[in-house]
Amino acid sequence: TIDRSTSFVLSAMDELIGIIDQSALVLLCLSDSYKRDNFCRSQAEYALQADRSFLPLIVRKGLKLDGWFSSIVQTIPPIDLTRSDFSSLLLKELSA
(Lines give C-alpha, C1' and ligand atoms only; values in the text may rest on other atoms or scores of the structure.)
Protein backbone atom coordinates (compact mmCIF):
# COMPACT_ATOMS: atom_id res chain seq x y z
CA THR A 1 0.00 0.00 0.00
CA ILE A 2 1.06 3.59 -0.58
CA ASP A 3 0.73 5.95 2.36
CA ARG A 4 -0.04 9.65 2.11
CA SER A 5 3.57 10.86 2.29
CA THR A 6 4.69 8.41 -0.41
CA SER A 7 1.79 9.49 -2.60
CA PHE A 8 2.80 13.15 -2.14
CA VAL A 9 6.44 12.42 -3.10
CA LEU A 10 5.38 10.49 -6.21
CA SER A 11 3.02 13.29 -7.23
CA ALA A 12 5.73 15.92 -6.68
CA MET A 13 8.24 13.89 -8.70
CA ASP A 14 5.76 13.48 -11.57
CA GLU A 15 5.21 17.24 -11.58
CA LEU A 16 8.95 17.96 -11.59
CA ILE A 17 9.54 15.47 -14.41
CA GLY A 18 7.00 17.42 -16.46
CA ILE A 19 8.76 20.68 -15.64
CA ILE A 20 12.16 19.24 -16.55
CA ASP A 21 10.79 17.86 -19.83
CA GLN A 22 9.48 21.32 -20.78
CA SER A 23 12.63 23.20 -19.73
CA ALA A 24 15.15 24.60 -22.16
CA LEU A 25 17.80 24.62 -19.41
CA VAL A 26 17.88 23.03 -15.95
CA LEU A 27 19.96 24.83 -13.30
CA LEU A 28 21.38 22.47 -10.67
CA CYS A 29 22.37 24.41 -7.55
CA LEU A 30 24.93 22.09 -5.95
CA SER A 31 25.33 22.14 -2.17
CA ASP A 32 25.89 19.62 0.62
CA SER A 33 22.17 19.52 1.43
CA TYR A 34 21.32 18.98 -2.25
CA LYS A 35 23.82 16.11 -2.38
CA ARG A 36 22.26 14.42 0.69
CA ASP A 37 18.68 14.70 -0.58
CA ASN A 38 17.52 11.63 -2.54
CA PHE A 39 14.68 13.62 -4.12
CA CYS A 40 17.17 16.17 -5.50
CA ARG A 41 19.39 13.36 -6.71
CA SER A 42 16.46 11.78 -8.57
CA GLN A 43 15.67 15.09 -10.26
CA ALA A 44 19.27 15.66 -11.35
CA GLU A 45 19.68 12.10 -12.60
CA TYR A 46 16.41 12.36 -14.53
CA ALA A 47 17.59 15.56 -16.23
CA LEU A 48 20.85 13.85 -17.16
CA GLN A 49 19.16 10.65 -18.44
CA ALA A 50 16.51 12.62 -20.33
CA ASP A 51 19.35 14.42 -22.14
CA ARG A 52 18.15 17.85 -21.01
CA SER A 53 20.49 20.81 -21.16
CA PHE A 54 21.66 21.62 -17.67
CA LEU A 55 24.12 23.88 -15.91
CA PRO A 56 25.60 22.83 -12.56
CA LEU A 57 26.23 25.73 -10.18
CA ILE A 58 28.25 25.41 -6.97
CA VAL A 59 26.46 27.48 -4.34
CA ARG A 60 28.35 26.40 -1.17
CA LYS A 61 32.01 27.19 -0.61
CA GLY A 62 34.22 24.13 -0.18
CA LEU A 63 31.75 21.70 -1.75
CA LYS A 64 33.29 18.33 -2.60
CA LEU A 65 32.23 17.06 -6.01
CA ASP A 66 32.29 13.41 -5.04
CA GLY A 67 29.68 10.67 -4.89
CA TRP A 68 26.86 11.09 -7.39
CA PHE A 69 27.95 14.69 -8.07
CA SER A 70 30.98 13.30 -9.92
CA SER A 71 28.75 11.91 -12.72
CA ILE A 72 27.10 15.32 -13.08
CA VAL A 73 30.33 17.30 -13.34
CA GLN A 74 31.97 14.82 -15.73
CA THR A 75 29.38 15.86 -18.30
CA ILE A 76 29.52 19.63 -17.78
CA PRO A 77 32.03 21.40 -15.50
CA PRO A 78 30.23 23.40 -12.81
CA ILE A 79 30.39 27.15 -12.35
CA ASP A 80 31.59 27.96 -8.86
CA LEU A 81 29.45 30.89 -7.74
CA THR A 82 31.35 31.10 -4.45
CA ARG A 83 34.48 32.31 -6.26
CA SER A 84 33.29 34.00 -9.42
CA ASP A 85 31.08 36.71 -10.82
CA PHE A 86 27.84 34.95 -11.79
CA SER A 87 26.67 37.20 -14.61
CA SER A 88 29.94 37.20 -16.56
CA LEU A 89 30.32 33.42 -16.24
CA LEU A 90 26.73 32.78 -17.28
CA LEU A 91 27.14 34.95 -20.36
CA LYS A 92 30.37 33.12 -21.19
CA GLU A 93 28.68 29.71 -20.89
CA LEU A 94 25.63 30.73 -22.89
CA SER A 95 27.72 32.16 -25.72
CA ALA A 96 29.91 29.03 -25.97
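Here, every reference points to the structure presented above.
Residues numbered from 1 in each chain as written. Predicted model: local features only at pLDDT ≥ 70, side-chain atom pairs only at ≥ 80, totals over all residues. Heavy atoms only, no water.

**Q** Explain the pairing of strand 2 (residues 54-58) to me, using residue names and the numbers behind them.
**A** Successive side chains on a regular strand alternate, one facing one side of the sheet and the next facing the other. Across the five residues that make up strand 2, a large majority, five, are buried. With five bridges joining them, strand 1 (residues 26-30) and strand 2 adopt parallel strand pairing. Directly across from Cys-29, in strand 2, lies its bridge partner Leu-57. Taken together, the two bridges between strand 2 and strand 3 (residues 79-80) define a ladder with parallel strand orientation. Paired with Leu-57 across the bridge in strand 3 is Ile-79. After leaving strand 2, the chain enters helix 4 (residues 69-75) and then returns to the sheet as strand 3, a path that is right-handed. (Buried < 20%, exposed > 50% of the residue type's maximum accessible area, 1.4 Å probe, protein only. Helix = DSSP H or I, 4+ residues; strand = E, 2+ residues; numbered from the N terminus. Pairing = 2+ DSSP bridges. Right-handed = clockwise from strand over helix to strand, strands pointing away.)

**Q** Go over helix 3 (residues 38-49), please, and point to the residues and values.
**A** Since there are 3.6 residues in each turn of an α-helix, residues three or four apart along the chain are aligned in direction. The terminal C-alpha atoms of helix 3 lie 16 Å apart, and with 12 residues this matches the ideal 16 Å at 1.5 Å per residue to within 8%. Every buried residue belonging to helix 3 is among Cys-40, Gln-43, Ala-44 and Ala-47, and all of these are buried. Seen end-on, helix 3 carries its buried residues on one side only, within an arc spanning 95°. Residues Asn-38 and Gln-49 are exposed on helix 3 and point more than 90 degrees away from its buried face. At the N-terminal end of helix 3, a side-chain oxygen is found 2.7 Å from the backbone nitrogen of Phe-39, two or three residues along, and the residue is Asp-37. Of the residues one or two after helix 3, Asp-51 is the one with positive phi, at around 60°. (Expected span 1.5 Å × (residues − 1). Arc of directions from axis to C-beta. Polar contact = N/O pair within 3.5 Å; in protein donor to acceptor, adjacent residues only side chain to side chain.)

**Q** Break down a nonpolar patch on the surface for me, with residues and values.
**A** A cluster of nonpolar side chains, namely Leu-25, Leu-27 and Leu-94, defines an oily patch on the protein surface of about 280 Å² accessible area. Tracing the backbone through its elements, the reader meets Leu-25 in the loop between helix 1 (4-22) and strand 1. Taking the relative accessible area as the measure of exposure, Leu-25 reaches 37% and is therefore partly exposed. (Patch = residues over 30% accessible without salt bridge, like charges linked within 9 Å, V, L, I, M, F, W, Y side chains within 5 Å. Areas by Shrake-Rupley, 256 points an atom, 1.4 Å probe, with all protein chains shown as cover. Salt bridge = Lys/Arg side-chain N within 4 Å of Asp/Glu carboxyl O.)

**Q** Outline unusual backbone geometry, listing residues and values.
**A** Unusually for a residue other than glycine, Asp-51 sits at a positive phi of about 60°. Residue placement: Asp-51 occurs in the loop between helix 3 and strand 2.

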